[in-house]
Amino acid sequence: MIISKPDYYNEFKCLADKCEDTCCAGWQIVIDDESLEAYKKVKGDFGERLRNSIDWEEGSFHQKEERRCTFLNDCNLCDLYTALGEQRLCTTCTNYPRHIEEFENIREYTLSVSCPEAARILLSKKEPVCFVEEEVPGEEEWEDFDFLLHSQLEEARKVMLEILQNRGFSISLRIYLVSEIGRELQQYVDEDQLFFINEIFEKYQSEEVQKEL
C-alpha cells in the first residue's frame, strides 16, 4: 500500500476556538455506526444528553439555531470533546478537514480547503506543492478498478497543478485554463473517450492556445 500526502499535510493543526469560523455549523454531521453504538452506552447525565442530541433515523447530531451542532457551545468548543475526550469523537469530527480516498493500492490523504486553516496553509505556500509517497505494508485491492481512468485523472491533476503554480500566467488565466480542462475532461469521461484525453492536456499546455486564451 502506498500512502500519498501533499507536502504541507502535516503542518495542519486545528485552531479550535481560535478559528475564524467553525466546522461544527452549517452542515449535517453524520455519525459512523461504531460511534453510534458507543454513544448508546455512555452513562450519567451526559449520556442522556448525548442520546437526546442524536437523530437516530438520520444517524447525525441535532442542530441548534444557525445550524450549529448541538454540542458546539458559545465559546465555539465541543462539549462532547470536553466530556468524553478526543477518542470518543465520531469519524467525521476526528478526520475533518482531513480527507481520505483509496485507489487500488494507493491511499491518498488531503486537506479540505473549506477549513480556513487548511486554506491558509495551502495558499501561503511559495514553493510548488508536491505529493509525498511512502510505501507501507497493506493489501492491494484489484477488483473493479479502472486503471485507465485513474491514470488519466492523475495526469489531469498533474497538468492542472503545473498550470495553477505557473506564476508567469495571471491568476485569471490559470483559473480559466484549469476550468476548461475540467469541463472537457468531464465530457470525455461521460462519452467514454478515455483514450483521447491526452489531447486535452496537449491542447491546453501548448503556447499557441495559452496565448490565444
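Sequence order as written defines the numbering, with residues in each chain counted from 1. Only residues with pLDDT of at least 70 are given local features in this predicted model, and only at 80 or more are side-chain atom pairs given and counted; all residues enter the totals for whole chains, interfaces and linings. Based on all heavy atoms of the structure, the side-chain values leave hydrogens and waters out of the count.

(A) Up close: helix α2 (residues 44–52). If you check which residues of α2 are buried, you get F46, G47 and L50. Mapping the buried residues of α2 onto a view down its axis gives an arc of 105 degrees, with all of them on the same face. In this structure, α2 carries D45 and N52 as exposed residues pointing more than 90 degrees from its buried face. Using a 1.4 Å probe on the protein chains alone, a residue whose accessible area is under 20% of its type maximum counts as buried, one over 50% counts as exposed, and one in between counts as partly exposed. The helix and strand labels rest on DSSP assignments: H or I over at least four residues marks a helix, E over at least two residues marks a strand, and numbering proceeds from the N terminus. Arc, as used here, means the arc of the directions from the helix axis to the C-beta atoms.

(B) The pattern of salt bridges, seen in detail. Salt bridge, as used here, is a side-chain nitrogen of Lys or Arg placed within 4 Å of a carboxyl oxygen of Asp or Glu. Taken as a whole and assessed by the stated rule, the structure comprises 10 salt bridges. For E117, the salt bridge identified is with R120, shortest N-O distance 2.9 Å. Of the two residues, E117 and R120 both sit in helix α5 (residues 116–123), 3 residues apart, roughly one turn of that helix.

(C) Summary view of the confidence of the model for the chain. Mean pLDDT for the chain: 92, with 98% of residues reaching 70 or above. Each residue gets a pLDDT score, which is the predictor's confidence in that residue and runs from 0 to 100. Across the chain, strand β3 (residues 60–61) holds the top mean pLDDT of 97, while helix α9 (residues 207–212) sits lowest at 84.

(D) Spotlight on the packing of helix α7 (residues 171–190) against helix α8 (residues 198–205). In this analysis, axes come from line fits to C-alpha atoms, helices being fitted only over the stretch in contact, and the angle between any two N-to-C directions falls in the range 0 to 180 degrees. Packing of α7 against α8 leaves a shortest axis separation of 10 Å and a crossing angle of 160 degrees. It follows from the interaxial angle that α7 and α8 lie roughly antiparallel. In terms of crossing hand, the pair formed by α7 and α8 is right-handed. Between α7 and α8, the residues in contact are L177, E180, I181, E184, L185 and Y188 and E199, I200, F201, K203 and Y204, respectively. Here the contact of α7 with α8 is built from residues that sort into 7 nonpolar, no polar and 4 charged. Roughly parallel means an angle under 35 degrees; roughly antiparallel means over 145; roughly perpendicular covers 65 to 115; every other angle is labelled oblique. Here a crossing is called left-handed whenever its near helix is offset anticlockwise from the far helix by less than a right angle, and right-handed whenever the offset is clockwise. By definition in these notes, contact holds between two residues if any of their heavy atoms fall within 4.5 Å. All amino acids are sorted into three groups, where Ala, Val, Leu, Ile, Met, Phe, Trp, Tyr, Cys and Pro are nonpolar, Asp, Glu, Lys and Arg are charged, and the leftover types, Gly among them, are polar.

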